[in-house]
Amino acid sequence: MGFFIGGNMAILVNEAERIITLQTKTATYQMKADEWGTLWHTYYGTKTAEDDLSYACFMRTRGHTANPYETGMQHREYSLETIPQEVSAFGGGDFRTTALRVRFANGTETLRLKYESFEVRKGKYGLPGLPAAYDETGDAETLIIRLSDPEYPIAVELYYGVFAEADVITRAMRVVNQGDEPFYLEKAASLGLDFAHGDFDLITFPGRWAKERVPERLQLRHGMNSVGSLRGLSSAQENPSAILLDRAATETSGEAYGFAFVYSGDFLLEAERDTYNGIRLLVGIHPDHFEWKLEKNGSFTTPEAMMTYSDTGISGISLRFHRFINEHIIRGKWKTARRPVLINNWEGTYFRFTGEKLIEMARAAKKAGVELFVLDDGWFGKRDDDRSGLGDWTPNEAKLGCTLAELGDRIRETGLEFGLWFEPETISEDSDLYRAHPDWAVKVPGKAPDLSRYELLLDVSRTEVQDHLIAELSARIREGKLAYLKWDLNRSMTDRYTASLPADRQGEMTHRFMLGTYRIMEALRTEFPELLIEGCSSGGARFDAGMLCYTPQIWTSDDTDAIERLFIQYGTSMIYPVKTMGAHVSAVPNHQTGRSTSMKTRSTVAMSGTFGYELDPTKLEEEEIAEMRAEIDTFKALYDLLQNGDYYRLVPPTSDSCTVWEQAAKDGSRALVNVVYHAVRPCPLSEHFRVQGLKDEWNYRISLVDPADSEKLDNRQKALFDGSIASGLALRTVGLYAPVQSLFRGKSGVTDYPAFQILIEKTDR
Ligand code: GLA
């Protein structure tokens, strides 16, 4: 007989049978402790009211499998090799990759965890010093499961944050040394999910500088299928997120599981298909370069990871994660406040600017309706190229022609707010800071350190370095009265060593570095709650849910080419919402690709991100400034739909000619369909799509956001996109074809890569 605990019945406990069931809006997650204390993971999937789902985990006697001592003589079928478990430990007969590995004082790594007790708490657990999802809505409950090894002095707590309405479960783990002698933690995954069976594909997001998060879908083969980062940051090479999905699942149908790590450092995401076709998925800190010494009574808490289940394919994962990130990850003012339309001077001037030039740019931008001016790299120390100056966050008054305070005032006089770029975790050898504190740079004694963009990392694992950065950044924020701060990091971690830890604790350095970064960010957030911080790492090399707890938006990529951005934003959108993706309109020809696209195309793409500019507006013609103004007006008018609407990918950028995506109001009253041609073809295929998120029974009026666009269309299309009416049912089932510009033929100089924004609004007609 089961009974319920918790206001919204998210956590159900059957104490007699030792079954705990987590119920979210559309999914059920269940675990059960058996008579020998093994904690089984019995189910995660479509919501069900069944009390005990353990029958779905099949056991049979198999040759050459390990059997625990206590069951071995009676139950040859009982093997940790095949039991799906909530937490797997190394050495005791589970030969799959395991979530937890420790090295005890006598050198053994063998561990056997047994269930001890549970606890249910109202609200969401917190993780001091680490980023974590939070709850202000009363939606969340916490489950804590306690396990221990009967013979060795270790206690393990599993944390589950159950967000019923949001359909997301978070996981973290705490490991405690209950003995007198120290032991070493070698691996501690945050999340482990076992499937007794399943024919799955895995989508991961590999990439590189200027080409981040390209989704890659592969069938799970037997053995390990893993991605990770050992760069000290989550990286552009792989993202700490993934989607595990049924092989038959598509963008809009089938079963899928989404995972995202709320952490910004080294990570490992493993999906193992075992010999019996069971699947184990683990997400956690990468165990290479990681080792944590636990003294008597010492404990280690892992970062958290989040997971969600969808029976509507990939789009269901995106919708759930987008809402979750917007409501339970992004904090403070910028969770709801409209983000300012900004202009950043980087591609406009690079390092070559004066204070006067910046003011002229701000004035020109103001005419177009821009709201915030961001001064990028080169305003401090000796920094006219990227070879020197990092660490010296002292304004270069000779270059600016005034103090930082005066520059801020002058920018504000033009009507814009003021923001600044920093790269806090780095140091140039040619800097006053390095000359004063050479030991603050990350390097190995006696070895010349690896350079990357001519720079070194600062040892942010050290408290005195953190304190220094908090003091420096706070002082600049106050002097410049900054409304915004761009937090960049342009290199990976090499030469891992910290002077602050003894030899047997060097394995703690990378995680302590991340904790240090988080501590600085938290201090700034607390002291300057209004400050908007944008994350950045050579573009999008640290784009993760951990950073999003501190930086509500992240520069998505250094590639600002609108067509390239279609791909980058498409991949990023699988996990992360529009509001988090830094996106700017830049000059043409584009600085990364040399391609020219129209202002409209560039604006359409950037509007499905945070929207801003990255060019020199003093070089624009009057008509271009007017166009900018019109686009900014459109952005502001459609802000709620663009930034808070439910996001659907309708036609991928890998299609023949155009990419189509949509934002729909949550109540189904209107939707915006964005169409951008990513290829110029003499005879493009007609891309068909089905509009999502509307109400079947309502009627909708279809129109172009920019009426001038109808001039690009032939008469038949004009009739369709210029005021026709269709039911939600027809738009969802019959669908639409993307408008095709009919002007390519015979005309030279016609703008390539056209864009259309189509508004679909409820009408009573
Ligand atoms: C990185 C960032 C850019 C810019 C430069 C400045 O590459 O991604 O946006 O800030 O640094 O050096």
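Residues numbered from 1 in each chain as written. Predicted model: local features only at pLDDT ≥ 70, side-chain atom pairs only at ≥ 80, totals over all residues. Heavy atoms only, no water.

Undergrad: Give me the site of the ligand: which residues, what numbers.
TA: The immediate surroundings of the ligand are formed by 13 residues, with Asp 376, Asp 377, Lys 486, Gly 539 and Asp 558 found nearest. Here Asp 558 contributes a side-chain N or O atom positioned 2.6 Å from an oxygen atom of the ligand. Protein coverage of the free-state accessible area of the ligand, which is 310 Å², stands at 96%. Of the residues belonging to the shell around the ligand, the class tally is four nonpolar, three polar and six charged. (Near = heavy atom within 4 Å. Polar contact = N/O pair within 3.5 Å; in protein donor to acceptor, adjacent residues only side chain to side chain. Areas by Shrake-Rupley, 256 points an atom, 1.4 Å probe, with all protein chains shown as cover. Nonpolar A, V, L, I, M, F, W, Y, C, P; charged D, E, K, R; others polar.)

Undergrad: Give me the lowdown on the pattern of salt bridges, citing residues and values where you can.
TA: It is possible for side chains of opposite charge to pair when their charged atoms get near one another. Under the definition given, this model contains 65 salt bridges. Residue Glu 304 is joined to Lys 124 by a salt bridge in which the shortest nitrogen-to-oxygen separation is 2.9 Å. Residue Glu 304 is located in strand β21 (residues 304-310), and its partner Lys 124 is located in the loop between β7 (114-122) and β8 (140-148); the two are separated by 180 residues in the primary sequence. The exposure class of Glu 304 is buried, given its relative accessible area of 0%. The salt bridge involving Glu 522 is made with Arg 525; its shortest N-O contact spans 3.7 Å. On the criterion of helical spacing, the pair formed by Glu 522 and Arg 525 is a turn pair, its members being three residues apart in helix α9 (residues 509-527). (Salt bridge = Lys/Arg side-chain N within 4 Å of Asp/Glu carboxyl O. Helix = DSSP H or I, 4+ residues; strand = E, 2+ residues; numbered from the N terminus. Buried < 20%, exposed > 50% of the residue type's maximum accessible area, 1.4 Å probe, protein only.)

Undergrad: So what's going on with helix α6 (residues 404-413)? Residues and values would help.
TA: In an α-helix, one turn spans 3.6 residues, which is why side chains three or four residues apart end up on the same side. Of all the positions in α6, only Leu 404, Leu 407, Gly 408 and Ile 411 are classed as buried. The buried side chains of α6 occupy one side of the element, clustering within an arc of 100 degrees when seen end-on. Where the residues of α6 are buried, they touch α4 (355-368), β23 (372-375), α5 (397-400), β24 (417-422) and α8 (463-480). Trailing α6 by a residue or two, Gly 415 shows a phi angle of about 105 degrees, which is positive. (Arc of directions from axis to C-beta. Contact = heavy atoms within 4.5 Å.)

Undergrad: How would you summarise the sheet that holds strand β35 (residues 670-677) if you had to cite specific residues and measurements?
TA: Strand order in this open sheet of six strands is β33-β34-β35-β40-β37-β38, and the pairing throughout is antiparallel. Of all strands in the sheet, those with a lone pairing partner are β33 (646-651) and β38 (724-727), marking the two edges. Across the sheet, the axes of successive neighbouring strands diverge by a mean angle of 25 degrees, strand direction being ignored. Note that β33 and strand β34 (residues 658-664) share five bridges and pair antiparallel. Bridge pairing in β34 links Tyr 647 to Gln 663. Lying on the sheet, helix α11 (residues 599-607) is in contact with β34, β35 and β40 (755-763); it crosses β40 at an angle near 55 degrees. (Pairing = 2+ DSSP bridges. Axes fitted to C-alpha atoms, helices over the stretch in contact; angles between N-to-C directions.)

Undergrad: Residue-level account of the side chain of Glu 534, with values.
TA: As for its placement among the helices and strands, Glu 534 is situated in strand β28 (residues 532-535). Lys 486 provides the closest opposite charge to the buried, salt-bridge-free Glu 534, at an N-O distance of 6.5 Å. Here Tyr 484 takes part through its side chain, which lies 2.9 Å from a polar atom of the side chain of Glu 534. In contact with Glu 534, other than residues within four places in its own chain, are Leu 342, Tyr 484, Leu 485, Lys 486, Trp 487, Thr 551, Gln 553, Ile 554, Trp 555 and Gly 582. (Lys, Arg positive; Asp, Glu negative; His and termini not counted.)

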